[in-house]
Amino acid sequence: MRNIVIVECISTGINYIEDIINRGYNPVVLEPKRIDTEVGREYQKWLKMNINELNMTLI
């Protein structure tokens, strides 16, 4: 297996994603739905915009 799962990737979790990629693994981010608040909706938009750039999978 070449996947590492990150649960609730917030702030320092973003740094872990780069580290995981640099070590040759695939980051898989497990995020709960947070669309019930304005902050949650903004975070969800940011995460979706950056998934392709960071080459990760969002579950």
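Residues numbered from 1 in each chain as written. Predicted model: local features only at pLDDT ≥ 70, side-chain atom pairs only at ≥ 80, totals over all residues. Heavy atoms only, no water.

### Some details on the pattern of salt bridges
For the structure shown, the criterion picks out one salt bridge. Asp 19 is the partner of Arg 23 in a salt bridge, and the nearest nitrogen-oxygen pair spans 3.4 Å. For Arg 23, a relative accessible area of 58% puts it in the exposed group. By relative accessible area, which is 35% here, Asp 19 ends up partly exposed. (Salt bridge = Lys/Arg side-chain N within 4 Å of Asp/Glu carboxyl O. Buried < 20%, exposed > 50% of the residue type's maximum accessible area, 1.4 Å probe, protein only.)

### Observations concerning the confidence of the model for the chain
Averaged over every residue, the pLDDT of the chain is 75; the share at 70 or more is 69%. For the chain, strand β3 (residues 57-58) is the element with the lowest average pLDDT, namely 58, and strand β1 (residues 3-7) is the one with the highest, namely 84. (pLDDT = per-residue confidence, 0-100. Helix = DSSP H or I, 4+ residues; strand = E, 2+ residues; numbered from the N terminus.)

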